[in-house]
Amino acid sequence: MKLRWLLLVSFGLLLTNCSKDDDSGKDIELATGIPDNSKATPSPEVNPAESNVSIPNVGFATEKLNGYKVVNMNMTGIFNKLTGEWMKLHGTATGEQNIWLEIDGVPRSIKAESTGETRATKKALADVVFLIDNSGSMSEEADQLAKEVDAWSLKLSGLLDLQLGCVGYDGDINGGIDLGTYEDLSAYLNREGYQGTYRTVEFEGTRAAELETAASDYSTGWYECGAAALHFADEHYTFRPGANRIYVNFTDEPNQPNGNAKFSVSSVASQDDWKVWQGTIHSVFSGSRSYGDSYSWQDLYEEKPWLMSDYTGGTYIIDAPSNFEGVTLESLPVTGALTNSYNVKFHYTPDLSTGKHKVEITILSPDKSVKAIREFVDVSFAE
């Protein structure tokens with residue numbers, strides 16, 4: 001009798017423990033607010049060629065919510081060009097559902113929470129790196145740009161859990177500061193005696209010597225190359241696990257990898273080379289006076305820098321004034337993307353604990369006017 005009782009107790013404990021990693025039952029739905037997976041419906045059919053909004057790269061973080069494991073898919077906002085507004089996302093079992101998620105072809109129930117909804121309890125994580133062309137041609141923009149980065153960073157720090165850093169580049173990676181607080185970045189940009197393009201020259205911070213040594217591997221000769229700065233930050237800056245990685249590239253020149261494919265804009269075009277979690281790139285280009293529609297762009301030598309945004313689902317502006325006059329970061333699309341970001345949550349299940357997975361996101365408005373589909377491959381949900 002005693003043995004039977006012990007076996008029953010052990011079996012009951014096993015079921016209880018398993019339920020913490022299982023997404024079935026009303027208990028977990030009540031605890032997390034995420035609909036049970038039985039309520040998930042297959043994604044609607046969307047022709048990729050008819051997509052009219054851009055789905056950004058996303059970050060995934062597995063976390064505990066009221067004792068249950070959930071996955072938080074952190075994504076920046078989606079801009080609806082038809083209305084000129086940022087989309088409000090609605091998940092499973094809402095009358096206005098407009099976002100669907102499938103993992104390995106299986107529909108998942110999701111809850112979409114805007115940054116504003118989650119701010120009271122937990123700010124969304126974002127690691128932002130400014131890639132700043134500090135060549136001589138940027139002299140008109142440099143001081144105004146530093147002022148705007150400073151003010152913008154202060155404001156966004158109140159909305160998001162931000163880490164901020166920057167990389168200065170000319171032909172070489174010639175300056176920067178690793179990810180840290182708003183105060184760290186502000187102090188770097190406003191160092192005494194550093195004005196104009198020199199604001200982002202030289203390395204500062206606790207890792208300055210280490211970063212300066214590493215930068216020697218990212219030279220493109222005399223040619224400005226935002227993609228080289230991007231890869232430098234990706235490979236050497238201290239990003240937080242689960243944070244949404246955001247890059248903002250400021251330049252008035254083409255991306256000039258000087259024949260080096262590793263630093264081409266196409267180096268982020270394929271998910272074989274640039275994984276979904278490595279981040280989204282936003283671009284601000286102020287060289288439209290010199291590089292108009294008739295300019296002869298050339299792969300590996302003079303490339304459109306904003307293509308990095310196209311490839312990763314970022315935003316861009318390609319007609320910023322040469323002196324940045326009248327342009328504030330607050331008005332740029334990247335600001336809207338961050339302030340309208342979403343945490344899309346779904347239940348963590350044992351099948352996600354190993355291997356690589358295919359994640360498909362579908363956007364379709366109730367009236368079917370707004371549509372997009374994007375697939376991410378080789379996604380790991382391992383803790």
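The structure we're discussing is the one just above.
I will try to describe carefully the structure that is included in this document. (Residues numbered from 1 in each chain as written. Predicted model: local features only at pLDDT ≥ 70, side-chain atom pairs only at ≥ 80, totals over all residues. Heavy atoms only, no water.)

What follows concerns the packing of aromatic side chains. Summed over the entire model, instances satisfying the criterion amount to 17 aromatic pairs. Here the aromatic rings of F285 and Y291 are separated by 6.3 Å at their centres, their planes lie at 50°, and the arrangement is tilted. Neither residue differs from the other here; F285 and Y291 are each classed as buried. Within the aromatic cluster, the residues linked to one another by ring pairs are F203, Y218, F232, Y237 and F263. (Phe/Tyr/Trp six-rings, centres within 6.5 Å; stacked < 30°, edge-to-face > 60°. Buried < 20%, exposed > 50% of the residue type's maximum accessible area, 1.4 Å probe, protein only.)

A complete count under the given rule lists 14 salt bridges for this structure. When the shortest N-O distance is used, the salt bridge between E29 and K39 registers 2.7 Å. With E29 in helix α2 (residues 26-32) and K39 in the loop between α2 and β1 (58-65), the pair connects residues that are 10 residues apart, well separated along the chain. What makes K39 partly exposed here is its relative accessible area of 40%. Ionic pairing is found between R207 and E210, a salt bridge with its closest N-O pair at 2.7 Å. E210 gets classed as partly exposed once you look at its relative accessible area, which sits at 47%. Through salt bridges with shared partners, a single network forms among D127, D161 and R240. (Salt bridge = Lys/Arg side-chain N within 4 Å of Asp/Glu carboxyl O. Helix = DSSP H or I, 4+ residues; strand = E, 2+ residues; numbered from the N terminus.)

The subject of this paragraph is helix α5 (residues 182-189). Listed in full, the buried residues belonging to α5 are Y182, L185, S186, Y188 and L189. Within α5, the buried residues cover an arc of 160° as seen down the axis, which keeps them to one side. Those residues of α5 hidden inside the fold are in contact with β8 (125-133), α4 (139-157), β9 (161-169), β10 (173-180) and β11 (202-204). (Arc of directions from axis to C-beta. Contact = heavy atoms within 4.5 Å.)

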